[in-house]
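Overview (structure and organization)
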Amino acid sequence: MGTQAAIELRNITKTFGSVIANKDVSLTVNRGEILSVLGENGSGKTTLMNMISGIYFPDHGQIFIDGKEVVIRSPRDAFDYKIGMIHQHFKLVDVFSAAENIVLGLEEEGKFNVKQSAEKIRKISEQYGFDLDPKKKIYEMSVSEKQTVEIIKVLYRGADILILDEPTAVLTPQETQKLFAILRRMRDDGKAIIIITHKMQEVLSLSNRVAVLRKGEYIGTVETKDTSEAQLTEMMVGQKIDLNIERTEPKDPQARLEVKDISCVNREGIKLLDNVSFTARSGEILGIAGIAGSGQRELLESIAGLQHLNQGEILYHNPKTGKTDNLRDKTPIQIRDLGVRLSFVPEDRLGMGLVGNMDIVDNMMLRSYRRGKSAFLERKKPKDLARKIIEELNVVTPGENTPVRRLSGGNVQKVLVGREIASSPTVLMAAYPVRGLDINSSYMIYNLLNRQKESGVAVIFVGEDLDVLLELCDSIMVISSGRISGIVDARTATKEEIGLLMTKNSGGEGNE
Amino acid sequence: MSKQHKEIHEPLFHIAKREALPFWLSWLIRIGAVAAALVACAAVTVLLTGENPIQVYATMIDGAIGTERRIWSLLQNTAMLLCISLAVTPAFKMKFWNIGAEGQVLMGGMATAACMILFGDKLSSPLLMIVMIVTSVLAGAVWSFIPAFFKANWNTNETLFTLMMNYIAMQIVSFFTYMWSVPKGSGQIGVINANTQAGWIPALGGKAYLLNIIIVAVLTAVMYIYLKYSKHGYEISVVGESENTARYIGINVKKVIMRTVLLSGALCGIAGLLLVSGTDHTITRNTVAGRGFTAIMVSWLAKFNPVYMILTSFLIVFLQKGATEISTIFGLNDSFSEIITGIIIFFIIGSEFFVNYTIKFREKEANK
């Protein structure tokens, strides 16, 4: 029994409507092992893990734990089998303390004993090297601390099969190293760990074996020590691809957008942006790096006219007229009326950039429907534009009258980026434009941004993958807790350097 | 390994989301739901009354379209319900949960009645009609403006607000019906201008309701075009789907909310005019008779499409008429007709579940 796999999946299939999320997936995880599940977005990694943790139920196939077939119908069943999942989006109560969140939902005998729980949490922390104050409230925590709470929560419940869904997506390189050290300690302690990711370096440095999924199908499992990045990519994508971004030298860069000392506060009076100043130049890509929620969104929205500022100015140097306008506290319409050609690909594609229930044609009109004096809509031009984008960017869709919410993430993004580029901007802002996209679509987007840069557009690119930022951008500005902690040359900077800048201002939290 | 076969409780079935169904199949499901509803109603009727269900349905159809008078009444009632449904639609499409149509229609009706009573013998017919239209539109619009103003400026809950406005409207009508009651103190206004017919919507070709129906038909077409092809209609959709997107492309969300809710209220005012001046020729606090709420269902079932609303409002009025007839013929009270209507509507709404979801049974493993 000692060599029995901790968990074994046999021929698991799950469909949503006609979409096959998983097809005949079989894999095993042993105790004392870290298995990476690698696959592009939409390849069915999360669906598969959700079936192990009781959120979905497989259409057919079997799950074995320690050699016994089990049926997991709910997250509670999964707990009973000592399976714990750490989701990509944390499920914590903000106003509760760490300890309260950890014991929440447990059916322990007797009253909630703060001291006893805190003691148990302290022991777990010590054992694996976590750093956590049980009394600290969730809303005071950094993202990495919140993640720690989630991990301890499942350990507290005695989980010995842990599933982590993209755990490093929100972490700095330093925090990632720390997490990996903890995971290795857990592995050595005999736990079975599954980590979902699409970052190649992490897979290679952390896991013992790698299972690859592609479009819901199980491609195979390889020993990490016998494989290479190229081989894994090929398994993931199904073909050999060239993963290089061509970076050209900026041609005649000129200041296009000058942001001077802008600050803004939220309703609670907390500063979201604090004296931010920078210049975006034509023909350059300015990257913005930072931990999620450090003010990137507010910064772009300030420029786009969606965020009220308390101080500072945003100066736009119009290349046509040579005039300089202050965009501060102007509405998007007023900005457009000034002749500013500003395009913005927001982070929230279907909640802000596009309307999910409308078809592609109607989404094309969002920016332009006001044109003309008629009280009625003109759908001819938007229709032509829709067809053009579908053709040029290879959007996979039944037609231009399909609601965009039916499209896959990559195609949704192509529609949005296509529309924003179509208005021939002089400034193009894109927030996390490749989030959730497969490798091919991602590189297509990078190419589009590069082409804009080459045609003299000032591109502002908010990204999360530091490797990509370093390869794509001309300079990288790092934002931390609403402040600019540094602007570096992307051609010479290192990942570690940027990682340090990412946590520089965070009030003593992340860098203890 | 001896416990290999212990406690494997497989769930018998689970529910999964469907992909988009072909148009005909989704309608087949809906028609099937109506058929199932009729079977269920038959069962209930037989259990409660012991009558032959075929006869019951015959009675139902007879109640709805048995005589020419009934057909006209059916069409007139459909037109009224459709008119109010059209009125609530722009606001609902914008996700402004206006459940105050009842009160807005009532205020429109009240304004109409007041004009008829106060100016019936003072103004010429065309002038009186113009004054009636203006005041009823204003009354409905004002009644919707108040909650919209508070919503746009202080984000108050429009559902509660509009609901409360209904009760105020009812009390206002009670107050005036008492003040103007004929004979004094009866609390009833009676037929207004019965002799002169001043302010009545005229009969066309001897058909009292024809003009009403034509007006609503025109409104339906106009609303369809407004929602689908006008810039305003487009803005309503965008604000309804996502206020963030609306802000992102520079729509003045406050302005669109106010404008749309005012339109909604103004149309409710028109509905009030048609009810008082075109049908009842009197007003009581129950003139609207719950149509303000039924209209919401009509609008939802039709997915806010004015053309589908013709179907849904017709269906609901047909059922109501038929069910009332069953109650009368078989000597049951009003509640029975409501039970029947309730069952049928339950099935219709329930059918949407099967349009969107499917039930899957787990396939057995071959290798056991």
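Procedures and definitions
Residues numbered from 1 in each chain as written. Chains lettered and ligands numbered in written order. Predicted model: local features only at pLDDT ≥ 70, side-chain atom pairs only at ≥ 80, totals over all residues. Heavy atoms only, no water. Helix = DSSP H or I, 4+ residues; strand = E, 2+ residues; numbered from the N terminus. Rg over C-alpha atoms; globule rule 2.2 N^0.38 Å. Buried < 20%, exposed > 50% of the residue type's maximum accessible area, 1.4 Å probe, protein only. Contact = heavy atoms within 4.5 Å. Areas by Shrake-Rupley, 256 points an atom, 1.4 Å probe, with all protein chains shown as cover. Lys, Arg positive; Asp, Glu negative; His and termini not counted. Charge placed at Lys NZ, Arg CZ, Asp CG, Glu CD. Expected span 1.5 Å × (residues − 1). Polar contact = N/O pair within 3.5 Å; in protein donor to acceptor, adjacent residues only side chain to side chain. Domains from an automatic or database assignment. Buried area = accessible area lost by both parts, 1.4 Å probe. Salt bridge = Lys/Arg side-chain N within 4 Å of Asp/Glu carboxyl O. Pairing = 2+ DSSP bridges. Bend = angle between axes of the 7 residues up to and from the residue. Axes fitted to C-alpha atoms, helices over the stretch in contact; angles between N-to-C directions.

**Describing the overall build of chain A**
- When helices and strands are tallied, chain A shows 17 helices and 20 strands.
- Taking 24 Å as the expected radius of gyration for a compact globule of 512 residues, we find that chain A reaches 24 Å, a close match to that expectation.
- Burial statistics for chain A: of 512 residues in total, 55% are counted as buried.
- A separation of at least 24 residues holds for 67% of the contacts in chain A among residues at least 6 apart in sequence.
- Put simply, chain A shows about 22,400 Å² of open surface, and 48% of that area lies on carbon and sulfur atoms.
- With 68 positive and 70 negative side-chain charges, chain A shows a separation of 4 Å between the mean positions of the two kinds.

**Thoughts on helix α12 (residues 306–329) of chain B**
Residues and elements named next belong to chain B.
- When the terminal C-alpha atoms of α12 are compared, their 35 Å separation across 24 residues agrees well with the 34 Å that a helix rising 1.5 Å per residue should span.
- N-capping of α12 is provided by N305, with a side-chain oxygen placed 2.9 Å from the backbone N of V307.
- Backbone geometry just downstream of α12 places G331 in the positive-phi region, at approximately 65°.

**Here we look at the domain arrangement of chain A**
Residue and element names in this part refer to chain A.
- Domains assigned within chain A are domain 1 (7–237) and domain 2 (255–502).
- Of note, the centres of domain 1 and domain 2, computed from C-alpha atoms alone, are 33 Å apart.
- Counting from both sides, the interface comprises twelve residues of domain 1 and, opposite them, 14 residues of domain 2.
- Of the roughly 990 Å² buried between domain 1 and domain 2, counting both surfaces, carbon and sulfur atoms make up 61%.
- The interface formed by domain 1 and domain 2 includes zero salt bridges.
- Along the contact surface separating domain 1 from domain 2 lie one residue pair in polar contact (both at pLDDT 80 or more).

**Some points on the side chain of A:E301**
- Following the sequence through the fold, A:E301 ends up in helix α9 (residues 296–304).
- In this view, A:E301 contacts A:L306, A:Q307, A:F344, A:M352 and B:R247; residues no more than four positions away in its chain are not counted.

**Thoughts on the pairing of strand β10 (residues 217–223) of chain A**
All names here are of chain A.
- Pairing geometry for strand β9 (residues 209–214) and β10, over six bridges, is antiparallel. Across the sheet, the residue bridging to A211 is T221, located in β10.
- Connecting the antiparallel pair β9 and β10 is a turn made up of two residues, with K215 showing a positive phi of about 50°.

**Brief notes about unusual backbone geometry**
All names here are of chain A.
- Positive phi values are uncommon outside glycine, yet D329 reaches one of about 55°.
- Among the secondary structure elements, D329 is positioned in the loop between β15 (324–326) and α10 (332–337).
- Relative accessible area serves as the criterion here: at 37%, D329 is assigned to the partly exposed category.
- The backbone of S481 sits at a positive phi, close to 50°, despite the residue not being glycine.
- Structurally, the position occupied by S481 is in the loop between β19 (475–480) and β20 (483–489).
- By relative accessible area, S481 is classed as partly exposed at 38%.

**Comments concerning the pattern of salt bridges**
Residues and elements named next belong to chain A.
- Under the criterion given, the structure shown has 34 salt bridges over all chains.
- Salt-bridge contacts for D66 lead to R31; the nearest nitrogen and oxygen are separated by 3.0 Å. Within this pair, whereas D66 is found in the loop between β4 (60–65) and β5 (68–70), its partner R31 is found in the loop between β2 (19–29) and β3 (33–38), the two being separated by 35 residues in sequence.
- Classification of D66 as partly exposed rests on a relative accessible area of 27%.
- Under the relative-accessibility criterion, R31 is labelled partly exposed at 32%.

**What to know about helix α5 (residues 125–154) of chain B**
All names here are of chain B.
- For α5, which comprises 30 residues, the first-to-last C-alpha distance of 43 Å matches the rise-based estimate of 44 Å (1.5 Å per residue) to within 8%.
- The sharpest bend along α5 reaches about 30° and sits at F145, with the proline P147 one to four residues further on.
- Just downstream of α5 lies N155, where phi reads positive at about 50°.

**What to know about the environment of A:D325**
- Residue placement: A:D325 occurs in strand β15.
- Along the primary structure A:D325 and A:E140 are separated by 185 residues, whereas in three dimensions their C-alpha atoms are 39 Å apart.

**Things to note about the sheet that holds strand β11 (residues 255–265) of chain A**
Residues and elements named next belong to chain A.
- Spatial strand order, β12-β11-β14-β15: four strands in an open sheet with antiparallel pairing. For this open sheet the edge positions go to β12 (271–281) and β15, each flanked by a neighbour on one side alone. Pairwise comparison of adjacent strand axes, ignoring direction, gives a mean angle of 15° for this sheet.
- As defined by bridge partners, strand β14 (residues 311–317) adjoins β15 across three bridges and the pair is classed as antiparallel. Among the inter-strand pairings, Y316 is bridged to a residue of β15, identified as D325.
- Sheet strands in contact with α9 are β11, β12 and β14, and its direction is about 65° off that of β12.

**Side note on the side chain of A:S263**
Residue and element names in this part refer to chain A.
- Checked against the element boundaries, S263 lands in strand β11.
- Of note is the side chain of S263, whose polar atom sits 2.9 Å from the backbone nitrogen of N275.
- Contact partners of S263, with chain neighbours within four places excluded, come to K271, L273, D274, N275, L309, N310 and Q311.

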